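The residues making up each chain are set out below.
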Amino acid sequence: MDQKVIDMRKILQNKYFAEDDLPRTGSIHPEFSHTITVCVDAFGCGLAQGCIHNYYFESKTEFSSLDQMLLGIDDILDRAGECQRDTRLRTTFKKEPTMKNTSMSDEQFADYLTSSIVERMPPAFNPDTLRVKEGKLASYFIRVLARQHSSMQGVINCAGLASVFRSEIEWLRLIRDDLTAECSWNKRKAGK
């Protein structure tokens, strides 16, 4: 059975997330490139399975649980240079060496800023070229707006209904609750 391909142009049309109505025409990377599509194909024993699609990389990222989905999206954002973290995450139990605060000259500080900026990768796809099959259970469109306080903040959209999340745990709870709910976003859209 062939699954339906998501028409990203309909979903992304006038769907950028902003606090004002200013057109976003001067950006190097268009608004669509920040949207990540999560297609959930199965949900059993509390574990979601599916794929993550994005505009930056040709390969999809498969996941077998919600925490794998979260780490996969985090990795995609790191590799694409999008939504830079405000803090570096710890990846080991070793104590990191402390650095002595020294003052820098203006030139040294400018060099430090220039060397620390990660260049953003241009998107490999646009809404016309990215082909994503709908998830068998649900498809979520996630826009991470920031990664502050060692967490993510943004907007999740499913079946035309959007919700803002302030942390990764809130985001995971929205998805899990939607997948287990009698009245999920997809069921509400279908009128069930």
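Everything below is about the structure printed above this text.
Presented here is a report on the structure given in the accompanying data block. Here the structure is a predicted model, which means the values were calculated and not measured.

## Let's talk about the overall build of the chain
Looking only at helices and strands, the chain has 5 helices and 8 strands in total. Each helix and strand of the chain, ordered N terminal to C terminal, gives the series β-α-β-β-β-α-α-β-β-β-β-α-α. Looking at the chain as a whole, 36% of its 192 residues qualify as buried. For the chain, the proportion of contacts with a sequence separation of at least 24, taken over those separated by at least 6, is 57%. Total accessible area on the chain is roughly 12900 Å²; 52% of this is exposed by carbon and sulfur atoms.

## Some details on the state of the cysteines
Taken as a whole and assessed by the stated rule, the structure comprises 0 disulfides. The thiol sulfur of cysteine 51 is not disulfide-bonded, and the nearest other cysteine sulfur, from cysteine 39, lies at 7.1 Å.

## Some points on the pattern of salt bridges
All told, the structure shown has 5 salt bridges when counted by the stated rule. Because the salt bridges share partners, they merge into one network encompassing Asp74, Asp78 and Arg147.

## Remarks on the sheet that holds strand S3 (residues 47–53)
Ordered in space as S4-S3-S2-S6-S7-S8, the 6 strands form an open sheet in which the pairing is antiparallel. A single partner strand is all that each edge strand has here, and the edge strands are strand S4 (61–63) and strand S8 (161–165). Across the sheet, the mean angle from the axis of one strand to that of its neighbour is 25°, orientation sign disregarded. One ladder, built from 6 bridges, connects strand S2 (residues 35–44) with strand S6 (residues 138–146); its direction is antiparallel. Directly across from cysteine 39, in S6, lies its bridge partner serine 139. Sitting on the sheet, helix H2 (residues 66–80) is in contact with S2, S3, S4 and S6, with an inclination near 20° to S3.

Reading the values: the criteria
Residues numbered from 1 in each chain as written. Predicted model: local features only at pLDDT ≥ 70, side-chain atom pairs only at ≥ 80, totals over all residues. Heavy atoms only, no water. Helix = DSSP H or I, 4+ residues; strand = E, 2+ residues; numbered from the N terminus. Buried < 20%, exposed > 50% of the residue type's maximum accessible area, 1.4 Å probe, protein only. Contact = heavy atoms within 4.5 Å. Areas by Shrake-Rupley, 256 points an atom, 1.4 Å probe, with all protein chains shown as cover. Disulfide = S-S within 2.5 Å. Salt bridge = Lys/Arg side-chain N within 4 Å of Asp/Glu carboxyl O. Pairing = 2+ DSSP bridges. Axes fitted to C-alpha atoms, helices over the stretch in contact; angles between N-to-C directions.

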